[in-house]
Every structure is written in C-alpha cells, then in structure tokens.
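Observations on the three-dimensional arrangement
As a plain string of letters, each chain reads:
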Amino acid sequence: MEPPDSSVQSPDLVSLELTVENVEKALQQLYYDPDMEHKNVAQKWLTQAQTSRQAWQFCWPLLSPDKLPEIQFFGASTLHTKISCHWADLPTDQHQTLRMQLLSHISHFSSGPKMVLTRLCVALASLALHTMPQGWPRAVADMVRVYQPEKEEVNAHAHCLALLELLTVLPEEFQSCRLPQARRAQLREALAGEWTAVCPLLRQLLQRQEGNSQVKERALRCLSSWVGLDVPLHGESEGLLQDCFAALSDPELFDTAVETIVSSISQPDCQRYTDALVNLMPLVLGLHDQLKAAARDGDMETSHGICRIAVALGETHSRTLLEQVEHWQGYLALVNMILFCTGIPGHYPVNETTSSLTLTFWYTLQDDILSFEEDKQVVYLQVYRPVYFQLVDVLLHKAHFPSEQDYTSWSSDDKEQFRIYRVDISDTLMYVYEILGAELLSNLYDRLGRLLMDTERPTAWQDTEALLFGFQAIAETIDVNYSDVIPGLIGLIPRISISNIQLADTVMYTIGSLAEWLADHPMMLGNVLPMVLQGLVKAELSVSSVSTLKRICRECRHDLAPYIHDIMTVSQDVLVKDIHKSSQCMWLMQGLGFLLSALPMEEILGSLTTLLTPHIQRLDTLAHQEPSPTAKLSIIHILGMLSSLFTTLDISRQDEGSEGTTPAQARPNPVVVVLQQVFTLIQTILSKWLSDSEVVEAVCGVFERSVKTLLNDFAPMVQQLSEMLGQIYSAFPQASALDLTRQMVHIFAGEKDHFSPIQALIELVTSTTLSIFQQGPREHPDIVESFMQLHAQALKRKPDLYLSDHQDVKALFYCGVLSLKFPETPTAKSACMFFMELVCHCGDIPPIGQVLQRDGKLLVHTILEIVGSQSLCCLTEHFSEVLFCLNRHCPVLLAQWLKEGLRVPGFPSAQVSMEQKDTFSQQLLREQTNKRRVKEIVKEFSLLCRGMQGTTGYSADY
C-alpha cells in the first residue's frame, strides 16, 4: 500500500457510512496516519465494521484482484470474523453459496499473497466446522477433490500448496475455537473420519522423487496439525510416519521432519497402537550412527533433533514399551541411545544443548519401573540398575565445571544456564536414588575416598567437586539420617584441599545439606563448623557460607553452646567490616536469631547488646546527619538487619519447655527491651525521614516482624507504638504504616487491655485515609489496597469496632466501592475481601446493616458494571464471592438490586439480551451454598458481556 499524501486530512470516521470506499480510507488511516489517536479511531471503526451486518457484503469487493494486499487481507479477515463469530446472522440457504465463493477465491489466491490465502483458508475452515457433519458431510474429501492438482495443470504447484495450507489450518481452527463439549466431540469424530482422505495425499506428496522441497515441508506441517486430532497410528498412517523418517535424510526437510515425528509420537493416544510403536523402535535406533557422527563433528542441530525423537518415543511410551517384554532388547537399546545423548561430548550450554532434553526421561523411566508389581520390578531392576549406575557417572561428568580459563570466558548468560542445568542434574540424581538407594551413596563415598586418600596421583578439583555435588543433591531431598556413609563423609570433608571458589561453594552447600543430620549427631559439628566460619570471612563465599551457617543455626541451635562464642565473634566481625552484601547480612542475622533463641534467658539480652551495639551506635550517628542517599541506604540496611534478627529470635518454645521458672509474662522479652531502648532513636530518624516511604517501610518492618514473632509478648509496646503509628500516618500517609496497623489489629484487637489504643489508632488512620479519598485516591493504589485489607482484618477480628460513633461506616462503604474500580488487581481484590467481611456482619452490626440496606444497590450495580465490561478472569472470581456473600446474608435485597440493575437496556453490556440477563439472575439467586458454581455463573456471564461465547448456559450450539 502506497503512503497517502500527507497533505490530505484524515477522514472523520465516526460519521462515515459502511462502504467499500470508506473501509479503504480507514485502512489507509490505520496504516499511514502518523497520529496515534487517528490510528486508534480507525482501528475502532474497522473493528465495528467487521461486526456489522453490512460486512457480509463489503468484504467481497475488498478481495478484488485490483486491490492492494493490505485491503485484501482485511477483506479475508472480515470473512473469518463473520463466519466464526456471527454465523447465526447468515441464512441457511446462503451457506452453499458462501462455500463456493470461498473455494473460488482460495483458488484465485493460491499464487499469493500468502497472508490473504491463509486468512481465506481459515475462513473456509471455520465454515466447515460450522456445517460438518450434517451440512457438509465430506468436507475434507471435497477440498482434496477440488484442489488436488493434476500434473498438466499450469497452476498445479500453487494449487497443491493452497490445498496443504487449507488442510493445515482446519485442525488448528478446531483446536483454537470455543465449542461446547458435546459439539467438540462430534466434530473431532467427524474430522478423524476425514483422515482417510488426507493420509494418502500426504504419502503421495512425500514419496514423490521429483517432489519440490517446499511441498514436502508443507505436507510435513500438515501432518503435525492433524496428529493433534488423535488420528490412528496404524495402517497407512504408520507408513506415513515412516515416510517422515525418510525425509530426515534431506537437510532442507530435517528440522520440519523432526518436529512432525516428535509431535506424532508424543500424542498419548498413540499408546493404543502398540505394534506401531514397536515398529518405530528400529527406525529410531537406525539414527544412532547419524547421531554419533553429528556428536563427533559438533553438528548440534542434527544431534539435537535425533535426541528429541529418541526421547519422545522413550519418554512418552515408556511404560507401554517396558511391557513389551519380548522386545526388551530393543527398548534397552533405545535407553542406551538416550544415555548417549545425556553424555554427549562438550560443556552445556556452550558446546552442546542436547543433554538437557533427556533428563526428564530418566525420571519417567524410574517412575514407571517402580510402579510395577514387586515381582516385575525385580526383573526390570536387574536390567536397568546397571544403566542407572552408568547414568550417575555421566551426570557427574556433565556437571563438571570447565577449566578456570574457559569458565572465565563464558558469558553471564552461559554461566546462569549452566547453573540451572546443574540444578536439573541434581533433581535427576534424586530420582536415580529411588532406583539405586543406599548403594548410590556408598558408591559416591568410595570414589570420593579414593580421590582424597590417593596422594600420589594428582586430582583435578572438578572431580572432587562433582562427587560432593552428587552427595549434596541427594542429601537436600532424601532423608540420609540412617545412612552409614555420612559419618565418613563428614570425616573426609576437612581433608579436601580447597583451591577454587566453585569447590569451596560446593563444600559449603554440602555441609548445609547435612544440617539435619548434624542435629542428630552434634558430636560431628566440630569437624565442619570451623570450615564454615573460615568461609564466612571471605566475600567470594558469601552466599554459600552464610546460607550454610543459617541452616546449622536453625537445625542445631540447641547443640551449639560450645561454639557460640566463635560464631558470634566471627559474625560480629564480618558484619562490622561489611564483608557481605545486604541480603546476606539479613540471612546472617536470621541465623543468629535462631542461635540466640536457644540461649538461657539470662544470657540472651547480653548477647543481643553485644551484637547490636555497633550497629545502633552507627544508626544514632546517621540519625543526626543531614539526609543523603548514602545515609538512607545505611539506615535501611541497619533497620533491615534488626528486622531479620527479630524474625527468628523466638523464645516462646523455650518458655513452653521450662518448668519451675519465671513465666514469660513476668519478665521482659529481650526483643522488647531492645526495642524500648531504640524507640527514641527511631523517632529521631522518622523526624527527618518521614516523607521517605522506603525508610518508613523499614521502620515499620522492624516492628511488624517483632509483632509476628513475639505475639502477646509484644504487649508492653502496644500503647506507644499505636501512638507513633498514628503520628506517622497523620503526618504522611503510607501503606507500610497501614500494614503494621493491620498486624496490630490481628494480634491485639481482641484483647480487652489493648482495645482502647487499637480503636483510637484505627479511627485516626481511617479519618486520614478518608481525606485521601476525598482528594482523589487514584494516585495511591498501595494505600487504598492496605486500607481495604486493614478494615477486612478489623471486621474479622473485632467487628465491635464499627459500633463506635466515630467510625463512619457509610464513608467506608463508598471508599470500598471506589476501590473496586481500581485497575490494579491487588487493590480490587482487597476491596472484595473488605465487602465479603462487611456483608457477613449486616445482621449483627446495625450501622453496617443500615448502610447495606440503603446503598447495597450501588455495590451490586458496580460489580455488574465491572464484570460486564473490564474485569480480568482472576478478578471475576473475587467479585463472584462478594455476590455469593450477599446471596447468603441478604438474598431478598440482592434479588431486588439485580432486577433493578439488569432491566436497564444495555447494562451491563449491549452484548447480552434481557433473556440472558434473566437467566444469569435466576441461576445466581439459586446458589446459596455452592460457591464454585457461583464463580462459574459469574465468569460465564462476564465472557458473554464481552462478546466471548461461553461454553454452557448462554452459548448456542453450533
């Protein structure tokens, strides 16, 4: 399409008639007008044009040979839209005429343009799906007869390609269209019956000696499309699949042939055709030499493709082929072929990308073997255990790091892919353990012992690292507490000469994976804990050493008394020196929280003071400095460390287990003591940083983590924290303050001694937030979300809060309605939660009942408006829950509100009729106990309102 003259003014499309000329003007505006607003107007007008009744007429002139391809494409697309979405508008006596017109136009466009031909084929496919099998009983056979080329035809090649395009898009259109279940089953059966017309054609085209590669490629793609319809794999179809294997020898067809073979044999329905699957095995095994040659020559594409075929057959039909005991040698050969693919030479992902394809196969095979009865298992294990031992060697070899020089040259993306690949290998080793059991650990231990004890023969660090990696992979997921080799492994670890970061990391992670075992064998802690502390002082081992120490502190906290001084000293040193990044410092503080939790009560406060004093002093210095980006980061970092520490420092279990000691209520909790000591300092920080949401969030995080951990032990601070929160929020409203308030409500709203400060705090933050709503809340979705969550929690924990004269329930109701309309999913979801709790109390809290009786109609109409126009599927579910609550608690009112709202023409959508709205209302009001059914009803109504045909209830069968 030639660009229009820029001096020509864009037409005012709103007032234009639906004519061919005006459609062309709109397309010109859409493609070439530089003004985005004009483009959007054109797009909207053209969309409306496609749905109009006139579209049945104006689409054909747009397909005229003298039109530009873009115009022809729009005409073809309009035809498809009308046929697929507005079929009922077309009188039955015009179906035959439309079919003949489409057949004629497809013939005309067989030589191109391709995009127009494809859309016409999709349109005819849609027509076929509407009319099969009654209206067009032999649709596919007719298509083949009409377009099957004769050699002497001038356009034979083009007609052949057009026919293949049509046959390819027909199953695709069937798979993508929305159909009632019964109609889908009927069509699937009808299409499967037409396979007898397609299969011989495809065989004929693939077997042509003089055949064009383009035709053969399209024939292969056509087969890929049809196999999704569960066409039978026996008889001539089996021969067709053999033709696909023959196509692998043609380099131009190799990739397409691989895709076709894989999609064909990956269909679960193929398991019905056992003989065909058995006959495929020699064809796949016949590719082994080609696979070896490709691996030797570094031909990644060929090895990748052949591997995909072998895995597709071996994995999809593992159990079926295992059951063919008379062909066990063939399947064993296939398994060994896949083992070769797993161990293909080169480092993943730099030198090869094939081995990763095979890993799920090994899980499937072991799962199928172990699913047999015990007597059969014994036989299969005799055959396949040796293969799995070989697999262990292969996997550990593939997990080897390259040389340091090579690894340094890798890109960051390659290193990340290699890391993920090793995780996949780790998962595979876990499955291997299910087959090999304790013998696998013994095997790894013996090999590691020989490596470390043989001092005469030099050993590459990669060999040691790979064996430790294998141990770690198994210990992370398998209970190794009863393994007799773990004590020996713990004894071997200190003998490892660590000369490499990757090896040191794996040593750390291996120790961490054994933390639970160490908790049962605390006498062995002395063997490995010094190595962890040595690693803790090295920045390059930050992640592995800190995570390992945290795991040990969590699992072994009650047995670390002999080591607590060393752990605290090293930890304090690395924290003060800023050796680790912020996230690792948080992990370390969590670990120290576990450690301190196990100390005697009288020692915790002293250890806390020693640990925190340097950081609190630093915080004090920062609090008196002028605000700066550097100071802000440091303040947030220190507050984050306090939060992390208080998350895990929990003495409640200690109190439960102690007898004859002073109850926890009678002595101050050490965390509360520390918080009281730093409270003034925190207020000083807030006085300078109150307008910074990140600093305020960090402050609130300290108290929120403490409240969650301490629960009722936090009681001494409720009064002063409530007052501080009120001051923070009144001066500068922020979501984090509301979230902390919600946590306080959750713990203390039901406590008589704390009801008064909690009530005062809620009334204060509510009053402040109502002011935000009056000014316009759209710029504060986070505050609105947290505000709705706060009141949902308050309604759940202490609905008596809403009996107060100071709580404006009507204003809260209107805020909730506004919140429902927010485009942010979390905000709208929180508003739904608020209304679900609110409606539940319409009978026992008079102010709520009064507001709902007076303004419930607004709530229902708002939900209908959103459901009928814009709601996402995930939100429709939450809106349906509000309607469900209304139906349970005030069904009479809901029926009245629905009737008043739905009788308005065009509400909530012009797409639904009064009859359909009545059906929706009746179905909804019937369901007062089945929440799942209500969700289905509302979801379907929403789809209908937006012009998307549902699957039951409202949609007419084709």
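The shown structure was predicted, so the numbers you read here are calculated from the model rather than taken from an experiment.

At their nearest, the axes of helix H16 (residues 300-316) and helix H19 (residues 359-370) sit 9 Å apart, and the two run at 20° to each other. With respect to their mutual orientation, H16 and H19 come out roughly parallel. For the pair H16 and H19, the sense of crossing is left-handed. The segment H16 lies against H19, with Val-311, Gly-314 and Glu-315 engaging Thr-360, Phe-361 and Thr-364. Split by residue class, the contact of H16 with H19 holds two nonpolar, three polar and one charged.

The subject of this paragraph is the UniProt feature "domain: Importin N-terminal" (unreviewed entry) in the chain. Under the UniProt annotation, the feature "domain: Importin N-terminal" (unreviewed entry) is placed at residues 42-108. Taken end to end, residues 42-108 has its terminal C-alpha atoms 29 Å apart, with 73% of it in helix and 0% in strand.

The next thing to look at is the state of the cysteines. Counting across every chain of the model gives zero disulfides. No disulfide involves Cys-121; its sulfur sits 11 Å from that of Cys-222, the nearest cysteine. Unpaired in terms of disulfides, Cys-199 finds its nearest cysteine sulfur in Cys-244, a separation of 9.7 Å. Relative accessible area serves as the criterion here: at 3%, Cys-199 is assigned to the buried category.

By secondary structure assignment, the location of Thr-302 is in helix H16. Given the relative accessible area of 13%, Thr-302 is considered buried. Discounting chain neighbours no more than four positions away, the residues touching Thr-302 are Phe-254, Gln-290 and Ala-294.

Turning to the nonpolar core, a few remarks are in order. Of all hydrophobic cores here, the largest spans 314 residues; its most connected members are Trp-226, Tyr-384, Phe-703 and Leu-886. Filtering out sequence-adjacent residues up to four positions away, Tyr-384 remains in contact with Leu-322, Trp-328, Tyr-331, Leu-332, Val-335, Leu-365 and Ile-369. Counting eleven residues, the second largest nonpolar core, distinct from the first, contains Leu-27, Ala-49, Phe-58 and Phe-74.

Here we come to the confidence of the model for the chain. This prediction gives the chain a mean pLDDT of 90; 94% of its residues lie at or above 70. By mean pLDDT, the top-scoring element of the chain is helix H29 (residues 542-555) (97), and the lowest-scoring one is helix H34 (residues 652-657) (55). Every residue in residues 1-10 is under pLDDT 50, and counting partners more than four places away or in other chains gives 15 contacts. Low pLDDT, under 50, characterises residues 950-958; the predicted model gives this stretch 24 contacts beyond four residues in sequence or across chains.

Right, let's get into unusual backbone geometry. Along the chain, Met-132 connects to Pro-133 via a cis peptide bond; the corresponding omega equals -10°. Within the secondary structure, Pro-133 sits in the loop between helix H6 (114-131) and helix H7 (139-147). Phi at Asp-578 takes a positive value of approximately 55°, unusual for a residue other than glycine. Relative to the assigned elements, Asp-578 resides in the loop between helix H30 (564-576) and helix H31 (582-597). Its identity as a non-glycine residue notwithstanding, Leu-711 has a phi of 55°, on the positive side. Mapped onto the elements, Leu-711 comes out in the loop between helix H36 (693-710) and helix H37 (718-731). On the basis of relative accessible area, Leu-711 is assigned to the partly exposed category, the value being 41%.

With the rule as written, the count across this model stands at 33 salt bridges. Across the pair Asp-297 and Arg-296 runs a salt bridge whose closest N-O atoms are separated by 3.7 Å. For Lys-935, the salt bridge is made with Glu-877, and the minimal N-O distance between the two is 3.4 Å. Here Lys-935 is found in helix H47 (residues 931-945), whereas its partner Glu-877 is found in helix H44 (residues 873-889), with 58 residues between them in sequence. Residue classification places Lys-935 among the partly exposed residues on the basis of a relative accessible area of 22%. In this structure Glu-877 comes out as partly exposed when scored by relative accessible area, which is 36%. The network of salt bridges with common partners includes Lys-632, Asp-692 and Glu-694.

Now for the packing of aromatic side chains. With the rule as written, the count across this model stands at 19 aromatic pairs. A centroid spacing of 5.6 Å and a plane angle of 80° characterise the contact between Trp-362 and Tyr-388, whose relative ring orientation is edge-to-face. With a gap of 26 residues between them, Trp-362 in helix H19 and Tyr-388 in helix H20 (residues 374-398) connect regions that are remote in the sequence. For Trp-362, a relative accessible area of 0% gives the class buried. Here Arg-184 stacks its cationic end above the ring of Phe-174, 5.0 Å away from the centre of that ring. Cation over ring: Arg-319 sits above Phe-372, and NZ or CZ is 4.1 Å from the ring centre.

In this section: the environment of Leu-790. Residue placement: Leu-790 occurs in helix H40 (residues 781-797). Judged by its relative accessible area of 0%, Leu-790 is buried. Remark: the alpha-carbon pair of Leu-790 and Leu-740, spanning 50 residues in sequence, is separated by 9.2 Å. With residues near it in sequence (within four places) discarded, Leu-790 still touches Leu-738, Thr-741, Arg-742, Val-745 and Val-765.

Scoring rules and cut-offs
- What you see as residue numbers is a count from 1 along each chain, following the sequence as written.
- Two thresholds apply to this predicted model, a pLDDT of at least 70 for residue-level local features and 80 or more for giving and counting side-chain atom pairs, whereas whole-chain, interface and lining totals are computed over all residues.
- Working from all heavy atoms in the structure, the side-chain values ignore hydrogens and water.
- To get an axis, a line is fitted to the C-alpha atoms, and for a helix only the part in contact is used. The angle between two axes follows their N-to-C directions and goes from 0 to 180 degrees.
- Secondary structure follows DSSP: runs of H or I at least 4 residues long count as helices, runs of E at least 2 residues long count as strands, and numbering of each begins at the N terminus.
- The scheme is simple: roughly parallel for angles under 35 degrees, roughly antiparallel for over 145, roughly perpendicular for 65 to 115, oblique for anything else.
- For any helix crossing, the convention is left-handed if the near helix is rotated counterclockwise from the far helix by under a right angle, and right-handed if that rotation is clockwise.
- What makes two residues a contact is simply this: any of their non-hydrogen atoms within 4.5 Å.
- Any residue that is not Ala, Val, Leu, Ile, Met, Phe, Trp, Tyr, Cys, Pro, Asp, Glu, Lys or Arg is counted as polar, Gly included; the first ten are nonpolar and the last four charged.
- UniProt positions are given in the numbering used here, feature names are shortened, and annotations may be inferred rather than shown by experiment.
- Here, the term disulfide refers to a pair of cysteine sulfur atoms separated by no more than 2.5 Å.
- Buried means the residue's accessible area, taken with a 1.4 Å probe over protein chains only, is under 20% of the maximum for its type, while exposed means over 50%, and partly exposed covers the values in between.
- The criterion is simple. A nonpolar core is a set of buried Ala, Val, Leu, Ile, Met, Phe, Trp, Tyr and Cys residues joined through side-chain atoms within 4.5 Å.
- As a per-residue measure, pLDDT tells how confident the predictor is, with possible values from 0 to 100.
- What counts as a salt bridge is simple: a side-chain nitrogen of Lys or Arg found within 4 Å of a carboxyl oxygen of Asp or Glu.
- We call Phe, Tyr and Trp rings a pair once their centres come within 6.5 Å, taking the six-membered ring for Trp, and we label the pair stacked below 30 degrees between planes, edge-to-face above 60, and tilted otherwise.
- Any Lys NZ or Arg CZ found within 6 Å of a ring centre and within 35 degrees of that ring's normal is scored as a charge over the ring.

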